[in-house]
Amino acid sequence: MSVLRLGIPKGSLQDATVALFGKAGWRISISSRSYFPGIDDLEINCMLVRAQEMARYVETGALDAGITGRDWVFETGSKVAEIGEMMYSKQSLAPVRWVLAVPEDGPIQTVKDLAGKVIATEVVNLTKQYLAKNGVEARVEFSWGATEVKVPQLADAIVEVTETGSSLRANHLRIVDTILESRTVFIANHAAAADPWKAEKISNIFLLLSGAIAAYTKVGIMLNARKEQLAAVLAVLPALKNPTVSTLSDPGWVAVNTIIDEDVVRSIIPKLKAAGAQGIVEYPLNKIVV
């Protein structure tokens, strides 16, 4: 039996990734003592790998496919096939940013002010490329962690990843520039992407994961309405496409089914009721495949 060797990101993306697979239809179980999670699919073998290393192992063929940040593909310079972008991260659906940050009350205002200075970061190659692009020579030092606390005693500036900027603000740091925006990507080894069985398996996994991501902020709405009130009810509803309208056993009534953004439900349901809708049901979604 053919098996796909799939890398699951260990660390900050781990919980979000396991939850995403759950919504997509796969149950992944992780033991604190093992780097090989269980999964309810005999055609997949999972391995926990740090996102920073994922692209390198996929490139060499140790893994057929994996999930990591596009930033780490760029940082390692790995030659992999990008199957597609996955708009999720550890906290939100927004991209993460690698930013150049300095002490909030310090004199540094632009990257040009860092000539001859020391910059601490985990993404040494990305930072050197950024400095070269801006014609700045500075010493870039690798940081093993806790990068925010290294300025000003150990470094003049840092390049650090952020989603909200809250950690930087808590450490009294000011963002000077964004050097890269990055999203999570599904990547594959080039040989695996060329293998018919593995390529189909990878494509199917990506399709269902993407459907689960698309459903994160959506809910379904079902309701009944009299035919003469249908136009007023439909005028309230936004939709991915046109709502589905079905005739009920009583010819004077119809059923309406649609998908809307979850954050507008609380304002729409009272309007639907006022327009004549009855039997309004809101239900969660696992996947939207369009």
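Residues numbered from 1 in each chain as written. Predicted model: local features only at pLDDT ≥ 70, side-chain atom pairs only at ≥ 80, totals over all residues. Heavy atoms only, no water.

1. As for the overall build of the chain
In terms of regular secondary structure, the chain is built from 9 helices and 16 strands. In summary, the chain has a C-alpha radius of gyration of 24 Å against a globular reference of 19 Å for 290 residues, an excess of more than 25%. With the C-alpha coordinates of the chain rotated into their principal frame, the extents come out at 80 × 55 × 35 Å. Long-range pairs, those at least 24 residues apart, make up 70% of the contacts in the chain between residues at least 6 apart in sequence. Within the structure as shown, the chain displays about 14,900 Å² of accessible surface, and the carbon and sulfur contribution to it stands at 52%. (Helix = DSSP H or I, 4+ residues; strand = E, 2+ residues; numbered from the N terminus. Rg over C-alpha atoms; globule rule 2.2 N^0.38 Å. Contact = heavy atoms within 4.5 Å. Areas by Shrake-Rupley, 256 points an atom, 1.4 Å probe, with all protein chains shown as cover.)

2. A word on the pattern of salt bridges
Applying the stated criterion to the full structure yields 10 salt bridges. In this structure, Asp41 engages Lys201 in a salt bridge whose closest nitrogen and oxygen atoms are separated by 2.9 Å. Of this pair, Asp41 sits in the loop between β3 (38-39) and β4 (44-50) while Lys201 is found in helix α7 (residues 196-215), placing the two residues 160 residues apart along the sequence. Lys218 is the salt-bridge partner of Asp261, the closest N and O atoms lying 2.4 Å from each other. Of this pair, Asp261 sits in strand β15 (residues 253-261) while Lys218 sits in strand β13 (residues 218-226); the two residues are 43 residues apart in sequence, bridging distant segments of the chain. For Asp261, a relative accessible area of 32% gives the class partly exposed. (Salt bridge = Lys/Arg side-chain N within 4 Å of Asp/Glu carboxyl O. Buried < 20%, exposed > 50% of the residue type's maximum accessible area, 1.4 Å probe, protein only.)

3. Re the side chain of Thr127
Within the secondary structure layout, Thr127 lies in helix α4 (residues 124-133). Thr127 has contacts with Ile119, Thr121, Val140, Val159 and Ile179, leaving out every residue within four places of it along the chain.

4. Let's talk about a nonpolar patch on the surface
Where nonpolar side chains cluster on the molecular surface, the patch consists of Tyr35, Phe36 and Met47 and spans about 320 Å² of accessible area. Assessed through its relative accessible area of 46%, Tyr35 is described here as partly exposed. (Patch = residues over 30% accessible without salt bridge, like charges linked within 9 Å, V, L, I, M, F, W, Y side chains within 5 Å.)

5. As for the sheet that holds strand β6 (residues 81-86)
The mixed open sheet is built from 5 strands, whose spatial order is β4-β1-β5-β12-β6. Whereas interior strands pair on both sides, the edge strands pair on one side only; in this sheet they are β4 and β6. Within the sheet, the average angular offset between the axes of one strand and its neighbour, ignoring direction, is 25 degrees. One ladder, built from 2 bridges, connects strand β1 (residues 4-10) with strand β5 (residues 65-69); its direction is parallel. (Pairing = 2+ DSSP bridges. Axes fitted to C-alpha atoms, helices over the stretch in contact; angles between N-to-C directions.)

6. A short note on helix α9 (residues 265-275)
For an α-helix the count is 3.6 residues per turn, leaving residues at separations of three or four pointing the same way. Among the residues of α9, Val265, Ile268, Leu272 and Ala275 are the ones counted as buried. Along the axis of α9, the buried positions cluster into a sector of 90 degrees, meaning they face one direction only. Seen from the open side of α9, the exposed residues pointing more than 90 degrees away from its buried face are Arg266, Lys273 and Ala274. Elements that come into contact with the buried residues of α9 comprise β13, α8 (230-236), β15 and β16 (278-284). Note on α9: the residue one or two positions beyond its end, Gly276, has a positive phi of about 115 degrees. (Arc of directions from axis to C-beta.)

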